[in-house]
Amino acid sequence: NAGRNKAHRHTPNLTMATGSAERLVETTLEAARNELTRGLGGLLDRDVPVWSDRGGQVPDGAVVVGTRDSSTVVRRYVSARDLASVGAEGYLIRSVSRGRHEVTVIAANTDVGALYGTFAFLRHLQTQRPIANLNISGSPKVEHRHLNYWETERLYAGNDELGDGGLGGETGAIFNFAATGASAHLNLPVILDRYIVAARALASVGITGITINNVNANPVYLTRAYIQQEAALADALRPYGIRLAVSANYAAPLDQRFAPDTLTREQLDPTSTEFQGWWNRRARELQAAIPDFIGFTVKANSEGQPGPQDHGKDHGDGANGLAAAVAPLGMTIFWRTFVYNPDVDTDRLKRAYLEFAPIDDEPQPDGTRGRFADNVFLQTKNGPLDFQAREPIHPMFGRMENTNQAIELQITQEYTGQGTMLTYLGPMWEEVLTTDTYATDRQGRLLDKRRVGNIVDGSAQGHRDTAVVGVANLGNADNLTGHHFSQANLFAFGRLAWDWTLDAEDIATDWVRMTWNNRDDVVETIVAMMMGSWEALVSYQTPLGIGHQFEFSNPADHYGPGPSVWFGNDDWSPVHYNKADSVGLGYDRSPTGSDLAAQYFPTLAAKYGDIDTVPENLMMWFHHVPWDHRMRSGRIFWDELVHRYQMGVQYVTGMRHTWDALEPYLDARRFAEVRAKLAKHEADAADWRDTCVNYWQEFSGRPVPVDGGPLS
Ligand code: GCU
C-alpha cells in the first residue's frame, strides 16, 4: 500500500548522481515497500510482486504494511486500542488468517512506525527466527535518537586517501558539501548512493536525527549556499524518518560571510535582542528550506570555542538565549556540558557538574526550580572525562532533575582503537546505561527507577523530553564505517538508543547473523570474540581505572600509548592523570583528594570514595593505589596491573587465531580485511602493554611477575 500518502514535500531539483544503484523515494511508505521487496527478494532469491490493498483483497502469503488510515487490511485486523499501546513510532507485527489465507500485517500509527516495523520484520527473517504466528511489538523508550556527525574530525571510515576501501583512512566525509573544483558534480544538492545507503541503515535501527557538522563548528553551515545543500540532504533523508540539525558556533554573528547581517562583539550578550534576533533569522532561513529542521547543537566555552562566558554570562544564559531565539519555530537546543574551565576546580572531572548543577537547581520566580528553558537539552558524555574506554558515569546523571538531559555516547572509536582495533562497544554502553545512580528525591529517599537508562528515558524523574546522542562513525567507506566490525557499534548504538534494556550480546548476535553468517557455531564464535573485545582493550590500554594515557602526535593522536607525556597543560596530559610515583598509581578523587566522589548520590559516593569498596575496574579513577595494595584476586596491585595488561594482549592473540579458523565460513574479501586489521591490532596492543608496564616499573621498582608473560 505504499506510495499513497504523499505527505512529504517533494523537491523537484533533487537528483541522484549518475550511475546510481539507489533510488530516491518521496514517502516513508514507499521506503518501506522498497525495503520489503528488496529484503524479501534477496532472502527468497526471487522477485516479490507488489499489490495495492484495494478494498482489503490481498493474496495468500502477503505482507501488508501500513497504518489504519492507509490500509483496509490493517484496519480490519489491528484495533486502534492495540495500536495506541505502541505509541507514535512503535509497530505491531502479526500473523493473521482469513479463511485459508495467511497474511502478515505490519501495523503502526504513523508511516515511520510502519517503516520501523518493516525493518524489524526483515531482521526477524534475517536472523532466522520462526515466522509462524507472529505477534511482535516494539516501541522506542527515548524520543530523540540522534547522531552527531563530526564531519572531518575523529572519523575513521574514509577511503579516498589510502585507496584501501576505507579500512584505514581517517578522513573521508560521508556527505560532500560545497562545490570544490573537479568533484563539484559529486557535491550536494546531488545525492550520492551512500547517502541513501546510510539513511536506510540508520532507519533500520531507528535513528531520528543527525547534526551534520562538527561541534567545533564552522559558521559556513549557516550560510545560504550551505543551507541549500542541507535542504537537499534533508529531503533525501526525510522519508527515512531522519531530520537534520546543525552545530552552531556561538560567535557566528561576527562572521563576515553573513554581512551585512553581522553583530558586534558587545551584541553577543545572549540576553540581548540583537543576539536572539540574529539567531532567529538564521533559524527562519533554515526552516524555510527545511521545514522539520531540529535545531542547534552547541559546544560553548569549551576547548577554545566561544560562548556566553566571554560576555560575562553563564551557560544558562547562553543556552536560554539561543532557545528563546528558536522557540517560536518549535526548535530545540542541544547544549553540550563537555566543559572544563580550569578556574572552576583543579580536577577537570568536577567542573561540568559545578557549572551546571546550580543553574538546574536555581529557584524561579514562579516557585519552580531550574533556569534552563524547556526547549534546551543538556547533552552530557557518559563519563566525566572524555569518552575513555571505561569511566565512571557522569555525576550529572540524576542530578539535573529540572532540566532535559541527553546522554552522549561515542560510536566513532577515538579512544577505543579507531579504524584498526576490533572493539565492540555494546557491553560498554550496556554497563553505562544499567549503572545504578542511587539517585534520591529531595528528601533523600532512593528512587525506584534510578539507573542511568531510567534517567535518560525519563522514567526516573518524570521527564517527558528524552534524547540519546551518538557521535557517529560514518564515513565514505563502502561499508560506511571502515573497519567491518565498527558497523556493529553503529548497529548497537541504534538498538540501545531505541531500548536501553536490550542485551548487548543479543544485539551482537543479531548483527552477526545479519552480517556474516547464520551457522550457529560461527555466530557463537564471532559473538564471543566481540563480547570480550572491549574489556580486552580496557585491559591492554587503561586497566583498573587509569584514564587518558594517550600520546597525541598526528596522525596517531588518541591511538597509541603515552604514559610519560606532559603536553604543557594538565588537562590533556597522561602524567597528570596517572600520578605515577614510588607510592603507587592513580588519581585520588576520594575525600582525601579532589573528592569528585562527593558529586555522586550518597551511596555511590561512599562506594567510590573508599578504596576497599570501589569497583576494581574504576579504582584508579578515585584512588592513588599503593603498589602493594592487596587486590581481590589475592595479588598485589602491581602484579594485578601487569596481569591485566598481559591478559588484554592475549585476548587479541586469541581473536586472531579464532578469526583464522573462521576462514571457510566467511567471504574472502572481508575475511582478509579483518585478518589484516587483527594483525596490526595485536602488535599495537602489545605496544600499549610494553610501553605502559615498562614506564610504571620505573616507579614501582618491582619485578614483572612471571605469569605476566613476556614483555618485549
Ligand atoms: C574530544 C575530541 C575532540 C572533540 C571533543 C568534544 O576532546 O578529541 O575532537 O571536539 O572531544 O567532544 O567536544
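Residues numbered from 1 in each chain as written. Predicted model: local features only at pLDDT ≥ 70, side-chain atom pairs only at ≥ 80, totals over all residues. Heavy atoms only, no water.

Participant: Which residues make up the nonpolar core, and what values do they have?
Facilitator: Phe 296, Trp 335 and Trp 659 are the most contacted members of the largest nonpolar core, which totals 197 residues. Setting aside residues up to four positions removed in sequence, Phe 296 forms contacts with Leu 222, Val 246, Ala 248, Trp 279, Ala 283, Leu 286, Val 326, Thr 332, Ile 333 and Phe 334. Counting residues in each nonpolar core, the second largest holds 14 residues, with Val 64, Leu 92, Val 103 and Ala 107 among its members. (Core = buried A, V, L, I, M, F, W, Y, C linked by side-chain atoms within 4.5 Å. Buried < 20%, exposed > 50% of the residue type's maximum accessible area, 1.4 Å probe, protein only. Contact = heavy atoms within 4.5 Å.)

Participant: An account of the environment of Arg 589 is needed here, citing residue identities and associated values.
Facilitator: Tracing the backbone shows Arg 589 in the loop between strand 15 (584-585) and helix 16 (602-609). Given the relative accessible area of 1%, Arg 589 is considered buried. Taking the C-alpha atoms as reference points, Arg 589 and Phe 622, separated by 33 residues in sequence, lie 4.4 Å from one another. Setting aside chain neighbours within four positions, we find Arg 589 in contact with Asp 347, Leu 349, Tyr 577, Ser 594, Asp 595, Leu 596, Ala 597, Met 620, Trp 621, Phe 622 and His 623. (Helix = DSSP H or I, 4+ residues; strand = E, 2+ residues; numbered from the N terminus.)

Participant: Kindly report on the sheet that holds strand 5 (residues 135-138), identifying the contributing residues and their values.
Facilitator: Here 4 strands make up an open sheet; going across it, the order is 2-4-3-5 and the pairing mixed. Edge positions in the sheet fall to strand 2 (63-67) and strand 5, since each has one partner strand and no second. Between one strand axis and the next, the sheet turns by 25 degrees as a mean value, whatever way the strands run. For strand 3 (residues 91-98) and strand 5, the ladder comprises 4 bridges, and the chain directions are antiparallel. Looking at strand 5, one finds that Arg 94 is bridged to Asn 135. Those strands touched by helix 4 (residues 111-126) are strand 2, strand 3, strand 4 (101-108) and strand 5, and its axis lies near 70 degrees from that of strand 3. (Pairing = 2+ DSSP bridges. Axes fitted to C-alpha atoms, helices over the stretch in contact; angles between N-to-C directions.)

Participant: How would you sum up the packing of helix 4 against helix 5 (residues 193-204)? Please name residues and give values.
Facilitator: Relative orientation of the contacting elements helix 4 and helix 5 amounts to 85 degrees, with a least axis distance of 9 Å. Considered as vectors, helix 4 and helix 5 are oriented roughly perpendicular to each other. Residue-level inspection shows Leu 115, Tyr 116, Phe 119 and Arg 123 of helix 4 in contact with helix 5, the latter providing Arg 200, Ala 203 and Ser 204. Classifying every residue of the contact of helix 4 with helix 5 by side-chain character gives 4 nonpolar, 1 polar and 2 charged. (Parallel < 35°, antiparallel > 145°, perpendicular 65-115°, else oblique. Nonpolar A, V, L, I, M, F, W, Y, C, P; charged D, E, K, R; others polar.)

Participant: Quick rundown of unusual backbone geometry? Include the residues and the values.
Facilitator: Each neighbour pair has its own omega, and for Leu 188 with Pro 189 the value is 15 degrees, a cis peptide bond. By the element assignment, Pro 189 lies in the loop between strand 6 (144-148) and strand 7 (190-191). A positive phi angle, close to 50 degrees, is found at Gln 418, a residue other than glycine. Tracing the sequence through the fold places Gln 418 in the loop between strand 13 (404-410) and helix 10 (426-434). Classification of Gln 418 by relative accessible area gives buried; the value is 7%.

Participant: I'd love a proper account of the domain arrangement of the chain, names of residues and values included.
Facilitator: Size of an interface, as often reported, equals the accessible area lost when the parts are brought together. Domain boundaries assigned for the chain yield domain 1 (15-138), domain 2 (147-515) and domain 3 (538-587 + 624-708). One C-alpha centre belongs to domain 1, the other to domain 2, and the line joining them spans 31 Å. Each side of the interface is counted separately: domain 1 has 26 residues, and domain 2 has 24 residues. Across the domain 1 to domain 2 interface the summed buried area is about 2,100 Å²; carbon plus sulfur atoms make up 56%. Taken as a group, Glu 22, Tyr 116 and Arg 123 account for 27% of the area that domain 1 buries against domain 2, more than any other trio of residues on that side. On the surface where domain 1 and domain 2 come into contact, there are 3 salt bridges. The partner of Glu 22 in a salt bridge is Arg 200, and the shortest N-O contact between them spans 3.3 Å. In this assembly, domain 1 and domain 2 are joined by 11 residue pairs in polar contact (both at pLDDT 80 or more). The set of elements that each furnish at least two residues to the side of domain 1 that touches domain 2 consists of strand 1 (15-16), helix 1 (28-44) and helix 4. Looking at which element gives the most residues to the side of domain 1 that touches domain 2, the answer is helix 4, with 6 residues. Broken down by class, the residue content of the side of domain 1 that touches domain 2 amounts to 11 nonpolar, 7 polar and 8 charged. (Domains from an automatic or database assignment. Buried area = accessible area lost by both parts, 1.4 Å probe. Salt bridge = Lys/Arg side-chain N within 4 Å of Asp/Glu carboxyl O. Polar contact = N/O pair within 3.5 Å; in protein donor to acceptor, adjacent residues only side chain to side chain.)

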